[in-house]
Amino acid sequence: MILVTGPTGFVGRRVVEALTSGGHPVRALVHTPSHASVLSPFDAEIVEGDILDPQSLARACEGVEAVIHLVAVVRERGSLTFGRVNYDGTRNLLEAVASANVRRIIYVSVIGAGPDPAVPYLHSRWMAEQEVERSPVPHTIVRFSVGFGEGDEFFNVLAAQVKLSPLVPVAGDGKTRFQPIAVEDVARCLVGAYEKEDTAGRTIEAGGPAYLTYDDILDLIAETLGAKIVKVHVPVSLMKPAVTVMEAVTPRPPVTRQQLKMLNLDSTTELDSVQKAFGFSPRPVSGNIGYVSGIGLRDAFSMNLGFMPARIRDH
């Protein structure tokens, strides 16, 4: 039995699908029972629990052979801070895993996770990695670049900006590099991390088959939408006041102050990282983001005002 935390999210539902289709029994730790319906097509055992509730984690880990840990927040909301969810939640899970004699934990992290507390999100992921490495339970840490696919936030939010106006604001010089990887390929990597014994004890970085700058990604989205755009590069210092206001008055602003801090940090690794670690070639962005065409003008208005339509991203 493999326990998957965060199974109803953007990555999690693909991981559950990939595991069950491969014949692996799955237990899905669901925080909000009403969200469990997205897992109904798959043969997974549903258990209710919370990464911040040690007792529920202890119950979820009973009889489990391995855990794939996906729960993390990229936006802080009230008490759901980077420190509590990304770090404390991982520590809670590791204690439950050790007590239940689970044989393996696979921790899903991000490229760029590091010790600099000036970037709290990346710092929280790095701190969690340190706890995983100190745990007595054999582990694999897989760090990914930005993911894309139906229901993603990064590409869809950029597409909403392109859809709304031919003048697209860009924080900074637009030269920050990413290595986008398809969410289905992320799931395939995680199944491989579980199945391949030689991944034990390793930290693996994984990205797509090409380096793309922020500007490159906007151009690909515009091409997909058949739009002509003019990118307006704005110094990050000038965007901070507007972003601060958006955070104060909208539930889900297109960008947060913490995300602004990361816009000048590359998210890349070796181009053949997936091939070397998992034995397959991930798909490119070009030709595989047709889903952004589903964003209508009304959706674009809503998303730029900080309201994400559930039909675009339901998690």
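Scroll up a little and you will see the structure.
The shown structure was predicted, so the numbers you read here are calculated from the model rather than taken from an experiment.

1. Things to note about the overall build of the protein
Here comes step 1: Looking only at helices and strands, one finds 11 helices and 13 strands in the protein.
Here comes step 2: By the compact-globule yardstick of 20 Å for 315 residues, the protein fits well, its C-alpha radius of gyration being 19 Å.
Here comes step 3: When its C-alpha atoms are laid out on the principal axes, the protein stretches across 55 × 40 × 40 Å.
Here comes step 4: Across the 315 residues that make up the protein, the buried fraction comes to 52%.
Here comes step 5: Long-range pairs, those at least 24 residues apart, make up 76% of the contacts in the protein between residues at least 6 apart in sequence.
Here comes step 6: Averaging the positions of the 30 positive and the 35 negative side-chain charges in the protein gives two centres separated by 4 Å.

2. Some thoughts on the pattern of salt bridges
Here comes step 1: Inspection of the entire model under this criterion finds 19 salt bridges.
Here comes step 2: With its nearest N and O atoms 2.4 Å apart, the salt bridge here joins Lys-276 to Glu-270.
Here comes step 3: Assessed through its relative accessible area of 56%, Lys-276 is described here as exposed.
Here comes step 4: Linked through salt bridges whose partners overlap, the residues forming this network are Arg-14, Glu-184, Asp-185 and Arg-283.

3. Some words on the packing of aromatic side chains
Here comes step 1: Scanning the model with the defined rule gives 6 aromatic pairs in all.
Here comes step 2: Ring geometry for Phe-178 versus Tyr-214: centroids 6.4 Å apart, planes at 50°, classification tilted. With Phe-178 in strand S9 (residues 177–178) and Tyr-214 in helix H7 (residues 214–225), this pair connects stretches of sequence that are 36 residues apart. We note that Phe-178, like Tyr-214, is buried.
Here comes step 3: The rings of Phe-148, Phe-154, Phe-155, Phe-178 and Tyr-214 are connected pair by pair, giving a single aromatic cluster.
Here comes step 4: The ring of Tyr-211 is capped by Arg-177, whose NZ or CZ atom sits 4.5 Å from the centre of that ring.
Here comes step 5: The ring of Phe-280 carries Arg-188 above its face, with NZ or CZ at 3.9 Å from the centroid.

4. Quick word on helix H3 (residues 82–99)
Here comes step 1: The end-to-end C-alpha distance of H3 is 25 Å, a good match for the 26 Å that 18 residues give at a rise of 1.5 Å each.
Here comes step 2: At Asp-88, H3 shows its strongest bend, of approximately 30°.
Here comes step 3: Looking at H3, one finds that the buried residues are Phe-82, Val-85, Asn-86, Tyr-87, Gly-89, Thr-90, Asn-92, Leu-93, Leu-94, Ala-96 and Val-97.
Here comes step 4: Contact partners of the buried residues in H3: strand S1 (2–5), helix H2 (54–60), strand S4 (66–69), strand S5 (104–110), helix H4 (120–134) and helix H9 (257–262).

5. Remarks on the side chain of Asp-152
Here comes step 1: Considering the arrangement of structural elements, one finds Asp-152 in the loop between strand S7 (147–148) and helix H5 (154–164).
Here comes step 2: Here Tyr-291 takes part through its side chain, which lies 2.4 Å from a polar atom of the side chain of Asp-152.
Here comes step 3: In this view, Asp-152 contacts Phe-10, Gly-147, Tyr-291 and Arg-313; residues no more than four positions away in its chain are not counted.

6. Quick notes on the side chain of Ser-56
Here comes step 1: Within the secondary structure, Ser-56 is located in helix H2.
Here comes step 2: For Ser-56, a relative accessible area of 3% translates into the label buried.
Here comes step 3: At 3.0 Å, the side chain of Ser-56 and the backbone nitrogen of Asp-50 are in polar contact.

7. Some thoughts on the environment of Val-47
Here comes step 1: Structurally, the position occupied by Val-47 is in strand S3 (residues 44–48).
Here comes step 2: Residue Val-47 is classed as buried on the basis of its relative accessible area of 17%.
Here comes step 3: Note: C-alpha distance between Val-47 and Ala-36 (11 residues apart in sequence) is 9.4 Å.
Here comes step 4: Residues in contact with Val-47, not counting those within four places in the same chain, are Arg-27, Ala-28, Leu-29, Val-30 and Ala-60.

8. Describing the packing of H3 against H4
Here comes step 1: It is the contact of H3 with H4, at a shortest axis distance of 8 Å, that shows an interaxial angle of 10°. Taken together, the axes of H3 and H4 lie roughly parallel to each other. Facing Phe-82, Asn-86, Tyr-87, Thr-90, Arg-91 and Leu-94 of H3, the residues of H4 in contact are Pro-120, Tyr-121, Ser-124, Arg-125, Met-127, Ala-128, Glu-131 and Val-132.
Here comes step 2: When the residues that make up the contact of H3 with H4 are grouped by side-chain class, the tally is 8 nonpolar, 3 polar and 3 charged.

9. Things to note about the pairing of S5
Here comes step 1: With 7 of 7 residues buried, S5 lies mostly within the body of the structure.
Here comes step 2: Sheet analysis places S4 next to S5, joined by 4 bridges and oriented parallel. Residue pairing in the sheet places Val-67 in a bridge with Ile-105 of S5.
Here comes step 3: Each parallel crossover has a hand, and for S4 linked through H3 to S5 it is right-handed.
Here comes step 4: Relative to strand S6 (residues 139–144), S5 is paired through 6 bridges, and the arrangement is parallel. Paired with Val-108 across the two strands is Val-142, which belongs to S6.
Here comes step 5: Taken together, S5, H4 and S6 form a β-α-β motif whose crossover is right-handed.

The rules behind these values
- Residues numbered from 1 in each chain as written.
- Predicted model: local features only at pLDDT ≥ 70, side-chain atom pairs only at ≥ 80, totals over all residues.
- Heavy atoms only, no water.
- Helix = DSSP H or I, 4+ residues; strand = E, 2+ residues; numbered from the N terminus.
- Rg over C-alpha atoms; globule rule 2.2 N^0.38 Å.
- Buried < 20%, exposed > 50% of the residue type's maximum accessible area, 1.4 Å probe, protein only.
- Contact = heavy atoms within 4.5 Å.
- Lys, Arg positive; Asp, Glu negative; His and termini not counted.
- Charge placed at Lys NZ, Arg CZ, Asp CG, Glu CD.
- Salt bridge = Lys/Arg side-chain N within 4 Å of Asp/Glu carboxyl O.
- Phe/Tyr/Trp six-rings, centres within 6.5 Å; stacked < 30°, edge-to-face > 60°.
- Lys NZ or Arg CZ within 6 Å of the ring centre and 35° of its normal.
- Expected span 1.5 Å × (residues − 1).
- Bend = angle between axes of the 7 residues up to and from the residue.
- Polar contact = N/O pair within 3.5 Å; in protein donor to acceptor, adjacent residues only side chain to side chain.
- Axes fitted to C-alpha atoms, helices over the stretch in contact; angles between N-to-C directions.
- Parallel < 35°, antiparallel > 145°, perpendicular 65-115°, else oblique.
- Nonpolar A, V, L, I, M, F, W, Y, C, P; charged D, E, K, R; others polar.
- Pairing = 2+ DSSP bridges.
- Right-handed = clockwise from strand over helix to strand, strands pointing away.

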